[in-house]
Amino acid sequence: MNWKFTLKLLFLTLISSTSALAQLSCEYLLEMNDSFGDGWNGAAITITINGVSTDYTVNFDDNDGDFLNVAIILQSGDEVTIGYAPGSFEGEVSFALSDADGFLVYGDGPNPVTGEDVFSFIAECPSCPVPPTGGIVVSDIRSNRVDLNWIASDPEGTYVIEYGFTGFEVGTGNVNTTLGQETRLTGLDENADYDLYLSVICTNGDTSALVGPIQFSTPWANDVGVVAITNPLTDCSLGTTEQIRLALTNFGGQPQSLIPFDFSVNGVPGNVTMPSDGFYTGVIAVDSTEVIEFETPFDFSEPGVYTIQVWTDLDSDSFRNNDTTTFTITSIPLINELPYYQIFEEWSGGWVVSEESTDASWEYGTPSGNVISSAASGNNAWVTNLDGIYNSAEVSYLESPCLDFTGLTTDPNLGFSLFIDIETFDEFWVEVSNDDGENWSKLGEFGTGVNWYNNIVGDSWDGSAEFAGEWTTVIHPLVGLADSSDIRIRFAFFGSFFPGLEGIGIDNIFIGGPFDMDLAVANVGNTAPSGCGSPEDFVTVNILNLGEMTQFGFDVAYQVNGGTPVVENVGPLLVSPGEQEEYTFDTPFNSTGGTAFDIKAWTIFPDDFAQNDTSTTTVGINVVPLPLTEDFELDEFPAGWSTDEGFPLYGAGAHNTPTINIGDNMYGGDPNFEVELPFVGPVGDPLFISFDYRYTNWSEGTDATVLSEDDRLEVQISTNCIDFETIFTLDQSNHVESAEFQTLSVTTSDYVGQNVKIRVLATWGAGDYWLDLDNFNIATCSLDGLGTDVMVTGVSAEGASDGSVEVSPSSGVGPYTFEWSTGDTEQSISDLSLGTYTVTITDSNGCQEILDVEVDLVSSIGEIEVLEELILSPNPTGGNAVLQVKFTEASDLQLQVLNTVGQLLYQQENRGVVEATYPIDLEQAPNGLYLVRMVVGNQIITRKLIKQ
């Protein structure tokens with residue numbers, strides 16, 4: 001059996017007299033349990049051996065408070081007393097003491113008897129006890145040897161160690177015998193896994209049972225690598241001559257010296273000159289680490305992100321995978337000139353996630369979530385998870401570059417674009433420091449700036465912000481920081497334990513002003529529904545007045561995909577200082593057609609601060625091609641889907657759910673469940689919609705629900721994302737009452753050639769129940785048929801019947817059926833004469849393609865005239881085969897491998913082939929029949945290849 005050493009061993013000082021040394025030692029086992037799993041809550045058991053007492057208890061940290069096993073080493077004749085002192089919750093406590101043969105000596109609980117002497121006995125060991133399992137220690141493991149120590153069960157016995165590679169059969173291994181309590185095993189292989197067994201031949205002639213297998217692994221003899229880079233670290237104003245410091249570790253089983261090491265930064269070699277640099281001449285002992293430094297410096301003064309790689313290059317190193325360490329730092333810029341405007345298009349701007357953060361989800365890049373799906377302008381921003389939800393119980397800080405406002409006489413403004421998608425009990429705020437981050441204070445209070453905080457109690461933003469769900473500009477003066485240096489700004493986010501939303505987005509950070517005239521486009525949008533587009537789509541802009549004068553009568557402009565700008569005057573629209581107003585352009589654009597549209601909008605105003613005038617966004621239709629399948633087994637709500645529920649995903653077993661699905665508990669307080677799929681298309685004839693559903697009781701989900709006359713589930717379709725048409729209704733008249741999932745299927749031919757959005761809308765009527773949905777399948781018949789490839793082999797002569805036709809559909813959903821005008825039903829037909837043959841191909845959804853195929857007179861089609869030799873072997877194959885070909889003259893060749901439904905698995909083309917060998921790899925393909933096709937000119941030959 002395999003031993004897992006979770007025992008805590010009490011090593012007792014054995015009596016030193018000669019008579020005591022001859023006594024046998026054995027291992028008794030004390031097992032302590034707590035049924036609640038929070039430890040013994042102050043209770044303790046006392047074991048006294050020959051007058052020496054030791055207390056034992058179960059703490060929460062010991063195996064999570066469930067249990068603790070302790071090995072007690074005893075000698076025959078030892079006087080043992082068991083005592084027990086109670087704690088709280090005695091009904092949770094139990095324990096048992098077993099002897100070396102596994103027989104119960106004493107046990108009690110729950111509610112054990114208390115007292116100093118609840119049980120006493122004289123220890124007795126077997127005539128030849130096994131060595132105590134918890135006392136076996138494998139140490140000083142080298143590449144070719146290990147040391148072994150144990151507690152002697154018979155001090156005068158002979159100990160037998162049998163060892164070999166992991167899994168060896170007892171009786172076939174290497175044997176080492178020794179007196180005493182230690183030995184060294186030598187001659188081992190490096191980088192090998194070993195099992196060993198220990199037994200003892202006692203002085204009475206008996207042999208104990210085996211202990212083991214005890215497992216250990218030897219390291220490589222020579223194995224060094226870099227485990228850490230300790231300098232430089234992310235900081236402001238890194239220098240031109242920074243030294244790179246590393247931690248060098250000896251993973252192997254032999255001491256090492258004369259180790260070359262080198263570095264690169266952003267892929268550029270460090271130009272280390274060896275051996276004067278990058279050559280370690282000391283000695284690194286086994287399992288030791290040395291911190292060393294390159295003498296060759298590197299210039300990190302230019303602000304930016306640097307990826308440092310450091311590696312060892314020991315010639316005799318047997319394992320290279322641990323040689324290299326990669327470390328990324330940011331050289332943070334010092335901002336001492338205002339205005340400062342960072343839109344994050346070129347890089348992260350020197351903004352970094354603070355080391356004070358816990359489980360931070362902040363990421364820099366292009367947002368692609370369901371809600372935070374784009375930056376406020378351009379492509380990039382900082383977001384708490386670019387493509388998903390923030391982390392549970394997140395406490396995170398996004399920290400600014402170093403700022404120096406020395407010389408300013410007026411406090412500048414801080415402005416930025418903010419996206420909020422958080423719970424109402426989450427919090428987000430801004431902090432400032434004027435001592436380089438040693439101390440921080442919250443910036444502002446509720447309502448002291450533009451859109452500044454919405455939580456009047458906590459002076460923070462929470463999920464109830466009136467602008468939640470869209471990019472919005474917020475502004476606040478950096479109060480008291482004029483003429484200060486060592487300034488840092490950070491965004492603070494405290495997330496909930498049960499996140500289901502995407503968090504915070506930050507973009508377009510501005511520090512400066514205030515100016516007399518400063519208009520900015522805070523964000524740009526469009527009026528067409530998201531994902532659908534419109535032939536008359538109107539651009540909207542939020543115009544923000546960052547200056548100190550009211551503005552009106554100015555021009556604004558927008559441009560789509562770099563086209564001709566549309567310029568309009570806002571007329572009487574007034575924008576007061578610190579306020580923003582929405583303007584909708586009168587001139588629309590066409591946002592249909594399934595493409596993305598990059599919209600840029602800006603203000604046109606004389607003497608205006610221009611850096612923040614412009615904002616961009618990307619809109620358009622994101623059409624998902626069919627077929628679309630979704631079973632939710634990735635445990636993520638899929639991109640492009642939407643629902644009215646905050647937490648629609650439920651795991652297997654949540655309420656008797658067999659797998660992960662989406663669902664809603666519907667009752668009077670939650671009367672609707674709405675799920676929208678992505679825009680899909682184009683739709684052929686017909687469109688197939690199917691998914692699994694079930695109605696079950698709250699809360700167990702074990703009993704079928706009987707629908708009332710007002711309960712219903714509708715399948716709806718829209719072509720504009722606004723107007724939905726119901727194409728199927730499930731109600732009490734056609735609902736299948738079952739706690740098991742049922743499949744609902746709908747077919748329509750009304751939307752051929754269009755892109756559509758599908759919605760499942762459930763309406764509550766009565767009761768309290770679960771509605772679960774799973775396994776969506778949306779498919780259609782392609783407007784281009786089944787994409788069938790036709791291979792014709794003509795007849796060899798007039799009157800001959802040696803032609804053949806093979807058809808291979810490449811789209812649709814297999815398996816396929818074939819109906820030939822000859823009555824045949826296979827994928828290929830043969831023995832054909834001159835003429836036209838018709839085949840109807842049908843996929844599993846019922847989609848069809850009808851082809852007329854002409855078999856003509858073609859010389860030697862089906863055989864290749866210049867082919868001298870063709871060998872396909874082995875056939876059948878277990879996964880790998882080889883095709884050998886030889887031609888009488890240089891030929892252009894196309895080689896294809898297809899499965900039986902016509903899907904192309906592999907293709908290769910070569911020119912001027914005379915003789916060649918082509919490997920065919922079917923290792924990852926399922927067992928079955930495959931077709932190996934070779935085309936030379938207009939001549940084709942096909943061979944069958946079987947994988948089994």
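Keep in mind that what you see is a predicted model, and the values were worked out from it rather than measured.

Novice: Any chance you could break down the overall build of the chain for me, citing the residues and the numbers?
Specialist: The secondary structure content of the chain amounts to 1 helix and 67 strands. By the compact-globule yardstick of 30 Å for 948 residues, the chain is too spread out, its C-alpha radius of gyration being 39 Å. Considering only C-alpha atoms, the chain reaches an extent of 105 × 100 × 80 Å along its principal axes. Counting across all 948 residues of the chain, residues that qualify as buried make up 48%. Long-range pairs, those at least 24 residues apart, make up 69% of the contacts in the chain between residues at least 6 apart in sequence. Here the chain displays about 42,900 Å² of accessible surface, and carbon together with sulfur accounts for 47% of that area.

Novice: Break down the pattern of salt bridges for me, with residues and values.
Specialist: Once the charged atoms of two side chains with opposite charge are near each other, the side chains can pair. Counted according to the given criterion, the structure contains 17 salt bridges. Note that E676 is salt-bridged to R759, the shortest N-O span being 3.7 Å. Of this pair, E676 sits in strand β50 (residues 672-680) while R759 sits in strand β55 (residues 756-763); the two residues are 83 residues apart in sequence, bridging distant segments of the chain. In this structure, the salt-bridge partner of D892 is R911, at a minimum N-O distance of 3.3 Å. With D892 in strand β64 (residues 880-899) and R911 in strand β65 (residues 904-921), the pair connects residues that are 19 residues apart, well separated along the chain. With a relative accessible area of 41%, D892 lands in the partly exposed category. A residue is classified by how much of its surface remains accessible, and R911, at 72% relative accessible area, is exposed. Through salt bridges with shared partners, one network takes in E674, E676, K757 and R759.

Novice: Summarise the environment of A247; cite the residues concerned and give the values.
Specialist: Assignment of secondary structure puts A247 in strand β19 (residues 245-250). The exposure class of A247 is buried, given its relative accessible area of 8%. Between the C-alpha atom of A247 and that of S804, which follows or precedes it by 557 residues, the distance is 70 Å.

Novice: Describe the state of the cysteines, naming the residues involved and giving the relevant values.
Specialist: Evaluation of the coordinates by the stated rule reveals 4 disulfides. Each sulfur in the disulfide pair C26 and C125 lies 2.1 Å from the other. Handedness here is read from the sign of the S-S torsion; for C26 and C125, about -75°, the answer is left-handed. Taken together, the residues span a long stretch of sequence, with C26 in strand β2 (residues 25-34) and C125 in the loop between β9 (115-122) and β10 (137-139) at a distance of 99 residues. Judged on exposure class, the residue C26 and its partner C125 are both buried.

Novice: Residues and numbers for the sheet that holds strand β57 (residues 789-793), please.
Specialist: Strands pair in a sheet through their backbones, by hydrogen bonds, and they do so in one of two ways: parallel or antiparallel. Across the sheet, 3 strands lie side by side as β57-β58-β60; this open sheet has antiparallel pairing. The strands lining the two open edges of the sheet, one partner per strand, are β57 and β60 (828-832). Taken pair by pair, the neighbouring strands of this sheet meet at an average axis angle of 10°, ignoring direction.

Novice: A description of the sheet that holds strand β15 (residues 193-201) should follow, citing residues and the corresponding values.
Specialist: If you trace the 4 strands from one edge of the open sheet to the other, you get β13-β12-β15-β16, paired in antiparallel fashion. Edge strands, defined here as strands with exactly one partner in the open sheet, are β13 (174-179) and β16 (211-217). Neighbour to neighbour, the strand axes of the sheet diverge by 25° on average, direction disregarded. Note that β15 and β16 share 5 bridges and pair antiparallel. If you follow Y194 over to β16, its bridge partner there is F216.

Novice: Which residues make up the environment of N875, and what are the values?
Specialist: Tracing the sequence through the fold places N875 in the loop between β63 (867-873) and β64. With 69 residues separating them in the primary sequence, N875 and K944 have C-alpha atoms 8.7 Å apart.

Novice: How would you summarise unusual backbone geometry if you had to cite specific residues and measurements?
Specialist: Look at the link from G681 to P682: it is a cis peptide, with omega at -5°. Positionally, P682 belongs in the loop between β50 and β51 (687-697). For the bond running from D685 to P686, omega is 0°, close enough to zero to count as cis. Of note, P686 is situated in the loop between β50 and β51. Positioned with a positive phi, F344 is a non-glycine residue whose angle comes to about 65°. By the element assignment, F344 lies in the loop between β27 (340-342) and β28 (352-353). Non-glycine residue F632 carries a positive phi angle of around 65°. Relative to the elements of secondary structure, F632 occurs in the loop between β46 (628-630) and β47 (642-643).

Novice: Outline empty space enclosed by the protein, listing residues and values.
Specialist: Empty space left among the atoms is revealed by rolling a probe the size of a water molecule over them. Tallied over the entire structure, the rule returns 3 cavities of 30 Å³ or more. Along its surface, the second largest cavity is lined by L870, L883, V932, R933, M934, I941, T942 and R943. Mapped onto the lining of the second largest cavity, the elements with two or more residues apiece are β66 (928-936) and β67 (939-947). For the lining of the second largest cavity, the class distribution of residues is 5 nonpolar, 1 polar and 2 charged.

Novice: Tell me about a nonpolar patch on the surface, and name the residues and values.
Specialist: Together, F446, I456 and V457 make up an exposed nonpolar region whose accessible area comes to about 340 Å². Note that I456 resides in the loop between β35 (441-442) and β36 (472-477). For I456, a relative accessible area of 58% corresponds to the exposed category.

Novice: Which residues make up the nonpolar core, and what values go with them?
Specialist: Core analysis: the largest hydrophobic core is formed by 38 residues, its most contacted members being F416, L418, V430, W461 and I506. Every element with two or more residues in this core is listed here: β31 (395-399), β33 (413-421), β34 (427-433), β37 (488-494) and β38 (503-512).

Novice: Now, about the side chain of S891: what can you tell me, with residues and values included?
Specialist: Along the chain, S891 turns up in strand β64. Overall, the relative accessible area of 7% leaves S891 in the buried class. In this structure the side chain of S891 is engaged in a polar contact, spanning 3.0 Å, whose partner is the backbone oxygen of E889. Apart from residues no more than four positions distant in its own chain, S891 is found in contact with V866, N910, R911, G912, V913 and V936.

Thresholds, definitions, all that
- Residues numbered from 1 in each chain as written.
- Predicted model: local features only at pLDDT ≥ 70, side-chain atom pairs only at ≥ 80, totals over all residues.
- Heavy atoms only, no water.
- Helix = DSSP H or I, 4+ residues; strand = E, 2+ residues; numbered from the N terminus.
- Rg over C-alpha atoms; globule rule 2.2 N^0.38 Å.
- Buried < 20%, exposed > 50% of the residue type's maximum accessible area, 1.4 Å probe, protein only.
- Contact = heavy atoms within 4.5 Å.
- Areas by Shrake-Rupley, 256 points an atom, 1.4 Å probe, with all protein chains shown as cover.
- Salt bridge = Lys/Arg side-chain N within 4 Å of Asp/Glu carboxyl O.
- Disulfide = S-S within 2.5 Å.
- Pairing = 2+ DSSP bridges.
- Axes fitted to C-alpha atoms, helices over the stretch in contact; angles between N-to-C directions.
- 1 Å grid on protein atoms, 1.4 Å probe; cavity = no way out; pocket = protein on both sides within 12 Å on 5 of 7 lines; lining within 4 Å.
- Points joined across faces, edges and corners; volume = space filled by probe spheres on them.
- Nonpolar A, V, L, I, M, F, W, Y, C, P; charged D, E, K, R; others polar.
- Patch = residues over 30% accessible without salt bridge, like charges linked within 9 Å, V, L, I, M, F, W, Y side chains within 5 Å.
- Core = buried A, V, L, I, M, F, W, Y, C linked by side-chain atoms within 4.5 Å.
- Polar contact = N/O pair within 3.5 Å; in protein donor to acceptor, adjacent residues only side chain to side chain.

From the geometry alone we can't say anything about function, so treat these as descriptive.
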